[in-house]
Amino acid sequence: MHGRVKVKTTEQQEKERKIERTAKLKAYRQAMSTILSRRDEGHKDATQLKATAQVLQSNPDITTLWNIRKEVLLDIFKSDESASEKDTILAKELELTQSCLMVNPKSYGAWYHRTWSLQQMVNPNWNKELALCDRYLKLDERNFHCWDYRKWVASQAKVSCQNELEFTMEKIGENFSNYSAWHYRSKLLPILYPGHSAQTIQEDKVHSELDLVQNAAFTDPEDSSAWFYHTWLLGKEEERVKIVFCALQSDTLTLSLTKPVQNSQIVLKLHGEAKESIWTGVDDRFDSLWVTRISRPSEGKIQVSLEDQEVTLSLEKDKEESLVKGDGWKSLTNRFVNPPNQKTKEVLKQALENCSQLLELEPDSKWTLYTKALILLALESQTNHQEVLSCLEKLKMLDTARANYYSDVKNRLESEYLIEREEWTLLGEKYSESNVAYHRQYILPAAFRNAL
Amino acid sequence: MALGRKDAKIPEDSPTELLLEKHVEFIKKYGEDPDDYEYAMSDFLRMNGLYWGCSAMHLMGHIDKMDKSSVIQFLKDCQVENGGFRPVQGHDPHLLNTLSAVQIAVIFDCLDEIDEEGVVKYVKSLQTEEGSFMGDQWGEVDNRFTFCAVACLSLLGRLSELEVDKAADFVKSCLNFDGGFGSRPGAESHAGLIYTCVGTLAVTGHLHYVDADRLGWWLAERQLDSGGLNGRPEKLPDVCYSWWVLASLKILNRIHWIDKEKLKTFMLACQDNETGGFADRPGNM
């Protein structure tokens, strides 16, 4: 019962409505009762099809009625219908679902029955289905049922990704605020222009998309659609998991990783021999900080490995504590945001300039300001640190509803700044202030903070 | 404030206090007249409606006002031989109703009154090779059903009967550019589906698949100037998203990213001070 305005009616109107509704209810109950009892009696015939169609026209969400239709149709198909007959019968299902969709374009039941019917057809007309999608998207460009249906039709009809990409461009051209079209684009680009890892795009395509999205965003800076897409383009690639450090203190071995892994994946070797070990973390199975107890030898090597990563701790007599850094150690030259190459730097600098200009015209545009902060971060996280923080402070006042979000972003960035500079004491203080525990796996155990 | 942004208006005379007693009455009355038009015409949703009603009554501390014995009888009448639950007599079983039924049984602490083994068997039978779940034998796949399945068996303490990692991996394959999730791979992010996916990952111990900051931000941006939440960008607010969005943020430990006071104002304004109950936005039914 969404989207229905409460309207005051007169006593007379109420009376008339009640009479109308009583009649409707009676008819509905009668129809349902007949359909269901005939089904129980085993009737799978044209009468059932006619009766269910009538109720579905005004009540397309009654799943059981669609089920009954499927049962009847499958029964009809059992007898030797030639291919063309089958498709003619199923064409009626397409007609029915279409008229139901006019009543409720968001009816799960109607869309699924249409899908099911096409799957049963011998020679479905995919072009007709694409045309249907076009029509429904013209009525409501955000109807996700229709977008999902379109994607399914496109895959069945073997429509090229390039074609679909052009379709998204068309939709975006009609209206920049078409989040659904931007979303579809985000799925097609990694297929058409794949980058180095899954779900990434070739660099020069990222650059051209940035150009496109900036045009869209600047046309209506208060519309969020293009800005969300913009932040995605600025985002960094996901890296494979790396070891941050492995530390031994007395008989306790701590393993820190950039991302959560399963403890079952960790391999421990003492003097070259694999040793069974029980690793405990905050979570049972997946964590980025694991601890185990070992009966430590006075000398020799401890190796810890995970997938293609391995670190070795060389033990020395009389040395209680020992630590080794892994590839995931984040210092000034190995940051939380991958430093951009020359070409990307130019593109980002232009984007930054564009944002700054827009901010002069619209100083209160939170999207522009937030995006500016993200660009500054992508360019040079250390150098631009203070400027990014002051953008976030301003955002807390511009966009008060999300003040806590911006505070947490600040905390996270401050942690990253300190981690890169290996400022362990300050980091310890910062960690206790934060609402959300960021980067706990980078916080060095106290015993090692001065030694490094 | 920008002009022309899709949002609801909060009328001057909107309620500002929580009208709890009226809501209790609203739910209690609902269903008392079996010939009430809205009630009767939504019989195909009865099991779901009953869950929402019981859950609300329980939260308000008035579960005793529901007729426990007739609820139990209703559950028993709706379970079929394959273990699944119908929404109401005569209709077909479905995973959606099966979850609602189990949830109702848990609220009334009467799981022993239903055929638990049957439920386990039914839910198991609906998992596909790739880890997703069909809603029923007719094959529709959707993450709403993934959640129904894992939540159902989790409530029964039988989660291990499912291919849990496969279910989590299916959800992972539905991850979008904005950190959100849709109903199937490729589907657009939507707060309701995000709840089902984040819920699934939480129940199956795979929350680390979520980029909590990215998704948390997207969810925080559902809050509009009126204080209400929408389900996805550039849509009107709807009070139902107070549940889908907030529950997701809570699971992600980022509920403080929503302005609580503004949301409260919106929600209180959605109340109907005549009939009790809430409308999707102020001024609606």
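Just above sits the structure.
Read on for an overview of the structure. (Residues numbered from 1 in each chain as written. Chains lettered and ligands numbered in written order. Predicted model: local features only at pLDDT ≥ 70, side-chain atom pairs only at ≥ 80, totals over all residues. Heavy atoms only, no water.)

## A few points about the overall build of chain A
Then, number 1: Across its full length, chain A carries 16 helices and eight strands.
Then, number 2: On the principal axes, the C-alpha backbone points of chain A span a range of 90 × 60 × 50 Å.
Then, number 3: Considering chain A as a whole, with its 452 residues, one finds that 49% of them fall into the buried category.
Then, number 4: Across chain A, the fraction of contacts at a sequence separation of at least 24, relative to all contacts at a separation of at least 6, is 61%.
Then, number 5: A total of about 22,500 Å² of accessible surface is found on chain A, and carbon and sulfur atoms cover 49% of it.
Then, number 6: The average position of the 61 basic charges and that of the 67 acidic charges among the side chains of chain A differ by 5 Å. (Helix = DSSP H or I, 4+ residues; strand = E, 2+ residues; numbered from the N terminus. Buried < 20%, exposed > 50% of the residue type's maximum accessible area, 1.4 Å probe, protein only. Contact = heavy atoms within 4.5 Å. Areas by Shrake-Rupley, 256 points an atom, 1.4 Å probe, with all protein chains shown as cover. Lys, Arg positive; Asp, Glu negative; His and termini not counted. Charge placed at Lys NZ, Arg CZ, Asp CG, Glu CD.)

## So, the packing of aromatic side chains
Then, number 1: According to the stated counting rule, one finds 32 aromatic pairs over all chains in the structure shown.
Then, number 2: Aromatic side chains W182(A) and Y229(A) sit 4.7 Å apart centroid to centroid with 40 degrees between the ring planes, which places their arrangement in the tilted category. In this pair, W182(A) is assigned in helix α9 (residues 179-192) and Y229(A) in helix α11 (residues 224-234), connecting sequence segments 47 residues apart.
Then, number 3: On the basis of relative accessible area, Y229(A) is assigned to the buried category, the value being 0%.
Then, number 4: Three or more aromatic residues joined by ring pairs make a cluster, and in this case those are Y179(A), W182(A), F228(A), Y229(A), W232(A), W367(A), Y370(A), Y405(A), Y406(A), F177(B), W217(B) and W257(B).
Then, number 5: Residue placement shows K70(A) over the ring face of W116(A); its charged tip is 5.7 Å from the ring centre.
Then, number 6: A cation over a ring is seen here: R144(B) above Y108(A), with NZ or CZ 3.7 Å from the ring centre. (Phe/Tyr/Trp six-rings, centres within 6.5 Å; stacked < 30°, edge-to-face > 60°. Lys NZ or Arg CZ within 6 Å of the ring centre and 35° of its normal.)

## Some remarks on the interface of chain A and chain B
Then, number 1: Between chain A and chain B, the contact holds 65 residues from the first and 61 residues from the second.
Then, number 2: Contact between chain A and chain B buries roughly 5,800 Å² in total, counting both sides, with carbon and sulfur atoms accounting for 53%.
Then, number 3: Inspection of the region where chain A meets chain B yields 15 salt bridges.
Then, number 4: Connecting chain A to chain B are 42 residue pairs in polar contact (both at pLDDT 80 or more).
Then, number 5: Elements supplying a minimum of two residues to the side of chain A that touches chain B: α1 (11-40), α3 (63-78), α5 (108-120), α7 (144-156), α9, α11, α13 (366-379) and α15 (403-420) of chain A.
Then, number 6: The leading source of residues in the side of chain A that touches chain B is α1(A), at eight residues.
Then, number 7: Along the lines of polarity and charge, the residues of the side of chain A that touches chain B split into 25 nonpolar, 16 polar and 24 charged. (Buried area = accessible area lost by both parts, 1.4 Å probe. Salt bridge = Lys/Arg side-chain N within 4 Å of Asp/Glu carboxyl O. Polar contact = N/O pair within 3.5 Å; in protein donor to acceptor, adjacent residues only side chain to side chain. Nonpolar A, V, L, I, M, F, W, Y, C, P; charged D, E, K, R; others polar.)

## Some points on the sheet that holds strand β2 (residues 252-262) of chain A
All names here are of chain A.
Then, number 1: The antiparallel open sheet is built from four strands, whose spatial order is β5-β2-β1-β8. Every other strand in the sheet has two partners, leaving β5 (286-293) and β8 (321-325) as the edge strands with one partner each. Across the sheet, the mean angle separating the axes of adjacent strands is 15 degrees when strand polarity is ignored.
Then, number 2: Pairing analysis gives six bridges linking strand β1 (residues 243-249) to β2, with the strands arranged antiparallel. Paired with F245 across the strands is S256, a residue of β2. (Pairing = 2+ DSSP bridges. Axes fitted to C-alpha atoms, helices over the stretch in contact; angles between N-to-C directions.)

## Regarding helix α12 (residues 260-269) of chain B
Then, number 1: Within α12(B) the residues assigned to the buried category are L263(B), F266(B), L268(B) and A269(B).
Then, number 2: The secondary structure elements touched by the buried residues of α12(B) are α11 (241-251) of chain B.

## Let's talk about the pairing of strand β3 (residues 267-270) of chain A
All names here are of chain A.
Then, number 1: Only one face of β3 is buried: it carries L268 and L270, and the other face, with V267 and K269, is open.
Then, number 2: Alignment of β3 against strand β6 (residues 300-306), held across four bridges, turns out to be antiparallel. Of the residues in β6, the one forming a bridge with K269 is Q303.
Then, number 3: Here three bridges tie β3 to strand β4 (residues 273-275), and the two strands are oriented antiparallel to one another. The partner of L270 across the bridge, within β4, is E273.
Then, number 4: Taking the residues between adjacent antiparallel strands as the criterion, β3 and β4 are bridged by two residues, where H271 takes a positive phi near 50 degrees.

## A closer look at the environment of K24(A)
Residue and element names in this part refer to chain A.
Then, number 1: Here K24 shows up in helix α1.
Then, number 2: A relative accessible area of 45% means that K24 is categorised as partly exposed.
Then, number 3: When the C-alpha atoms of K24 and T168 are compared, they prove to be 43 Å apart, with 144 residues separating the residues in sequence.

## Remarks on the sheet that holds β6(A)
Residues and elements named next belong to chain A.
Then, number 1: Pairing is antiparallel across the open sheet formed by four strands, whose spatial order is β4-β3-β6-β7. A single partner strand is all that each edge strand has here, and the edge strands are β4 and β7 (309-315). This sheet shows a mean twist of 30 degrees between the axes of neighbouring strands, independent of strand direction.

## Thoughts on the pattern of salt bridges
Then, number 1: Under the criterion given, the structure shown has 53 salt bridges over all chains.
Then, number 2: Here E38(B) makes a salt bridge to R21(A), at a shortest N to O gap of 3.0 Å. Of the two residues, E38(B) sits in helix α2 (residues 37-41) while R21(A) sits in helix α1, which places them in two different chains.
Then, number 3: Exposure remark for E38(B): the relative accessible area of 23% places this residue in the partly exposed category.
Then, number 4: Its salt-bridge partner being E393(A), residue K410(A) comes within 2.7 Å of it at the nearest N-O pair.

## Re the environment of W257(B)
Then, number 1: Along the chain, the position of W257(B) falls in the loop between α11 and α12.
Then, number 2: Distance in space between the C-alpha atoms of W257(B) and Y241(B) is 15 Å, their sequence separation being 16 residues.
Then, number 3: Excluding anything up to four places from it in sequence, W257(B) contacts A401(A), R402(A), N404(A), Y405(A), D408(A), Y438(A), A212(B), D213(B), G216(B), W217(B) and A220(B).
Then, number 4: Among the polar contacts made by the side chain of W257(B), one reaches the side chain of H256(B) at a distance of 3.4 Å.

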